[in-house]
Amino acid sequence: MKPKIKTGISAIMIIGWIFAGMGSVFLIMGILFLTQSGKEEAFKILGLIFGGTGLFFFLIGVIFLILHYNNKSSLKKIVDNGYYIMAEISNIDMNYNVNVNGRCPYVIYARYQDMNGCIHTFHSRNIFFYPAGMMKNNMVKIYTRPDNFKKYYMDIDEILPEVQMH
């Protein structure tokens, strides 16, 4: 059974939606100024300024959204491919780079040693509870490409129970 990919809401997605929304509002305002300008030169300049700024923000937002959804579809392709390795959980740390409501999430680190003796370290997505006492075992599936371990998805849902925060 293939896992459902959980990537959560990323900062790139939030910025993309904000920029695309702001850009579309400014673009519409610019178009309205241009259509209502008639012979007024000030309205034409205002329309070009609003329209150009709106187009710029809209394009930046769309680029961010494309980046987010390409990353998500890339992870989905990796999981659908079905190739995975079993890695040993080595550490659980707090991610101090993220702070939500005064709490930092936890990240699970896992290590895998390949045939050549090279050790690869992987990390999970952010989880907002301490998972140490809840893990079913200390081995986790890492879905990846056989030739490139840089893109991967750690299936922590398989080793953790479903937790509902209230």
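Just so we're clear, the structure is a prediction, and the values are computed from it rather than from any experiment.

S.K.: How should the layout of surface pockets be read in this particular structure?
M.R.: One simple way to see leftover space: roll a probe sized like a water molecule over the atoms. Estimates place the volume of the second largest pocket at around 320 Å³. Per-class residue counts for the lining of the second largest pocket are eight nonpolar, two polar and four charged.

S.K.: Would you take a moment to explain the side chain of H120 for this structure?
M.R.: By secondary structure assignment, the location of H120 is in strand β3 (residues 119-123). In terms of polar contacts, H120 uses its side chain to reach the side chain of D114, at 3.1 Å. Ignoring anything within four residues of it in the chain, the contact list for H120 reads A110, R111, Y112, D114 and F149.

S.K.: Teacher, can you tell me more about the pairing of strand β1 (residues 84-94) here?
M.R.: Working note: regular strand, side chains alternate between the two faces of the sheet. Strand direction decides the pairing type here: β1 and strand β4 (residues 139-144), joined by five bridges, are antiparallel. By the bridge assignment, Y84 is partnered in β4 with Y143. Of the pairings in the sheet, the one linking β1 to strand β2 (residues 106-113) comprises six bridges and is antiparallel in character. Counted as the bridge partner of M94 is Y106 from β2.

S.K.: How do you make sense of the packing of helix α1 (residues 11-35) against helix α2 (residues 41-81) when you look at a structure like this?
M.R.: Pairs of packed helices are described in terms of their axes, by the angle between the two and the distance that separates them. The interhelical angle for the contact between α1 and α2, taken along N-to-C directions, is 155 degrees, at an axis separation of 6 Å. Compared by their axis directions, α1 and α2 come out roughly antiparallel. Between α1 and α2 lies a crossing whose hand is left-handed.

S.K.: Help me understand the nonpolar core, please; the structure alone is not making it clear to me.
M.R.: Nonpolar side chains in soluble globular proteins tend to end up buried together. Core analysis: the largest hydrophobic core is formed by 19 residues, its most contacted members being I108, F122, V140, I142 and M154. Of all the secondary structure elements, the ones that give two or more residues to this core are β1, β2, β4 and β5 (152-155). Setting aside chain neighbours within four positions, we find I142 in contact with Y83, Y84, I85, A87, F122, Y152, Y153 and M154. Formed by six residues, the second largest nonpolar core is a distinct cluster that contains I5, L75, Y143 and Y153.

Cut-off values and rules
Residues numbered from 1 in each chain as written. Predicted model: local features only at pLDDT ≥ 70, side-chain atom pairs only at ≥ 80, totals over all residues. Heavy atoms only, no water. 1 Å grid on protein atoms, 1.4 Å probe; cavity = no way out; pocket = protein on both sides within 12 Å on 5 of 7 lines; lining within 4 Å. Points joined across faces, edges and corners; volume = space filled by probe spheres on them. Nonpolar A, V, L, I, M, F, W, Y, C, P; charged D, E, K, R; others polar. Helix = DSSP H or I, 4+ residues; strand = E, 2+ residues; numbered from the N terminus. Polar contact = N/O pair within 3.5 Å; in protein donor to acceptor, adjacent residues only side chain to side chain. Contact = heavy atoms within 4.5 Å. Pairing = 2+ DSSP bridges. Axes fitted to C-alpha atoms, helices over the stretch in contact; angles between N-to-C directions. Parallel < 35°, antiparallel > 145°, perpendicular 65-115°, else oblique. Left-handed = near helix turned anticlockwise from the far one by under 90°. Core = buried A, V, L, I, M, F, W, Y, C linked by side-chain atoms within 4.5 Å. Buried < 20%, exposed > 50% of the residue type's maximum accessible area, 1.4 Å probe, protein only.

Without other data, these values stay purely geometric and don't point to any function.
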